[in-house]
Amino acid sequence: METEGIKYAGSKLKILPYIRSIAGELGIRTVLDGFSGSTRVSQMFSQCGYDVISNDISVWSETFATAYLLHDRPIGHYAEIISHLNDVDGRYGWFSEHYGGSPESGGKKPFQLKNTMKLDAVREEIDRMGLAGTDRAVALTSLILALDSVDNTLGHYCAYLNGWSPRSSHDMILKVPRLCPHSGRNSVFRKDIFDLVKDVEADLAYLDPPYGSNNDKMPSSRIRYSAYYHIWTSVILNDRPAIFGKAGRREDTRDGKNGSLFEDYRKDGNNRFIASAALQKLVRETKARYVLLSYSSGGRISREELYDILNAEGTMLKSLEIDSRTNVMGQMRLTNKWVNTGKRTSEYLFLLEK
């Protein structure tokens, strides 16, 4: 079983076998992936034959899920679209102006100019062709995957490498995404998770909320996904937004905007982390017999409190602690105040029966 995705903070690629094994023991049919991100978990569940409800607040995640979970045409149909887009000649446009650098400039841009010119041309052509539905989703997913393969980053778009990475010199080439057969009963949403769980039911809910950080000196905005992947949002929307800072972030990703309760580092009136209260509320309101929670040892909520939250909402059936090498982004020094220890982290999986 092979899934596909971009470089992504908190990617679940390495623990997919554990998630698959746990789900396979439950005799379930429908699965909710409440925070689908790069959609690797949704892809895995769909390939296993489950009916998948995939949700995320990011427009690029919705696009990925539409491509991988809802595609409804022969692969050859999509291949013709991708072949046409590859034949488009590059042109200098908005993306080139803000995110393209020359080979002589020494980096500090996410892409080399030849590839942003191709991006400008392809993105304009997708709109000119009037692509819609899965045609549009597959084309945009292919474009983002192609860009991800020639980027000049450590996996996010809040800072760029000083010198050009070897892969950034390659020519960007679009390919048809890995579109595997699915049940035909998948669904895709872009909703706040608390709004979604009011309306949907599933046998199993897989919840992988943003973790925040257990470092009190690190503000929650530092790991907000809308800031990390702002370029993908701009590629999908093609809205040429106002940007700021050296990284060229979208204005709507400034600190203090689009915050997540699950990343909140503050405490409430009961001296409890807001993130903890949000997680317990989510587990309680989720309409599923089983809840499989994924969390990190580096997250805001401690393992002990996670146990308390889950045991208060049902019966704990299984818990796993999986060692994982600290993601390279976790080792970066973003500010003088935040100095990550660089220690190894663990991924937790908790299976709850409500």
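Residues numbered from 1 in each chain as written. Predicted model: local features only at pLDDT ≥ 70, side-chain atom pairs only at ≥ 80, totals over all residues. Heavy atoms only, no water.

Got a sec to walk through the overall build of the chain? Specific residues and values, please.
Scanning the chain from N- to C-terminus turns up twelve helices and eleven strands. Every one of the 354 residues in the chain was classed for burial, and the buried ones make up 53%. Taking as baseline every contact in the chain between residues at least 6 positions apart, the subset at least 24 positions apart corresponds to 76%. Accessible area for the chain stands at about 15,600 Å²; split by element, carbon and sulfur atoms hold 48% of it. (Helix = DSSP H or I, 4+ residues; strand = E, 2+ residues; numbered from the N terminus. Buried < 20%, exposed > 50% of the residue type's maximum accessible area, 1.4 Å probe, protein only. Contact = heavy atoms within 4.5 Å. Areas by Shrake-Rupley, 256 points an atom, 1.4 Å probe, with all protein chains shown as cover.)

Give me the packing of aromatic side chains: which residues, what numbers.
Considering all chains together, one arrives at 14 aromatic pairs under this definition. Seen in terms of ring centroids, W60 and F64 are 6.1 Å apart; in terms of plane orientation they differ by 80°. Their pairing is edge-to-face. Of this pair, W60 and F64 both sit in helix α3 (residues 59-70), four residues apart, which is roughly one turn of the helix. Comparing W60 with F64 shows no difference in burial state: the two are buried. Aromatic rings pair up to connect Y8, W60, F64, Y68, Y228 and Y229 into one cluster. (Phe/Tyr/Trp six-rings, centres within 6.5 Å; stacked < 30°, edge-to-face > 60°.)

Explain the environment of K354 residue by residue, including any values.
Inspection of the secondary structure puts K354 in the segment after β11 (345-353). Taking relative accessible area as the criterion, K354 reaches 36% and is therefore assigned partly exposed. Spatially, the C-alpha atoms of K354 and E313 are 6.3 Å apart, while their sequence positions differ by 41 residues. Those residues in contact with K354 that lie beyond four places of it in its chain are V283, R284, E285, T286, A288, R289, V291, E313 and G314. At a separation of 3.0 Å, a polar atom in the side chain of K354 contacts the main-chain carbonyl oxygen of R284. Of note is the side chain of K354, whose polar atom sits 2.6 Å from the backbone oxygen of T286. (Polar contact = N/O pair within 3.5 Å; in protein donor to acceptor, adjacent residues only side chain to side chain.)

Mind laying out the pattern of salt bridges, listing which residues take part and the relevant values?
Summed over all chains, the structure comprises 24 salt bridges. Taking the shortest distance from any N to any O, the salt bridge between K12 and D208 comes out at 3.2 Å. Taken together, the residues K12 in the segment before α1 (16-24) and D208 in the loop between β6 (202-207) and α9 (225-228) connect sequence positions 196 residues apart. You'll find K12 and D208 in the same group, each marked buried. Put simply, R254 and E251 hold a salt bridge, and the shortest N to O gap is 2.5 Å. A relative accessible area of 28% places E251 in the partly exposed class. (Salt bridge = Lys/Arg side-chain N within 4 Å of Asp/Glu carboxyl O.)

Just give me the short version of the pairing of strand β1 (residues 30-33), but keep the residues and values in it.
Direction of pairing for β1 relative to strand β2 (residues 51-55): parallel, over a ladder of four bridges. Counterpart to V31 in the pairing with β2 is V52. (Pairing = 2+ DSSP bridges.)

Before we move on, could you go through the nonpolar core and cite the residues and values that matter?
Core analysis: the biggest nonpolar cluster contains 65 residues, and I19, F45, L143, L204, W232 and V235 have the highest contact counts within it. Examining the composition of this core, we find that nine residues originate from one element, helix α7 (residues 133-148), more than from any other. Apart from residues no more than four positions distant in its own chain, V235 is found in contact with F95, L119, R123, L140, L143, I144 and L147. Listed in part, the 30 residues of the second largest apolar core include V197, V200, L282 and L352. (Core = buried A, V, L, I, M, F, W, Y, C linked by side-chain atoms within 4.5 Å.)

Give a detailed account of the environment of A139, specifying residues and quantitative values.
Residue position: A139 is located in helix α7. For A139, a relative accessible area of 1% corresponds to the buried category. C-alpha separation for the pair A139 and A79, spaced 60 residues apart in sequence, amounts to 9.5 Å. Setting aside its immediate chain neighbours within four residues, A139 contacts I81, I82, L85, I126, L131 and L174.

Describe in detail α3, supporting the description with residues and values.
Structurally, the α-helix is built with 3.6 residues per turn, so residues lying three or four positions apart point the same way. The end-to-end C-alpha separation of α3 is 15 Å, in line with the 16 Å expected for twelve residues at 1.5 Å each. Burial within α3 is extensive, with ten of its twelve residues counted as buried. Turning to α3, its buried residues are V59, W60, S61, T63, F64, A65, T66, A67, Y68 and L69. Tucked into the core, α3 has its buried residues touching α2 (40-47), β2, α7, β5 (187-189) and α10 (230-237). (Expected span 1.5 Å × (residues − 1).)

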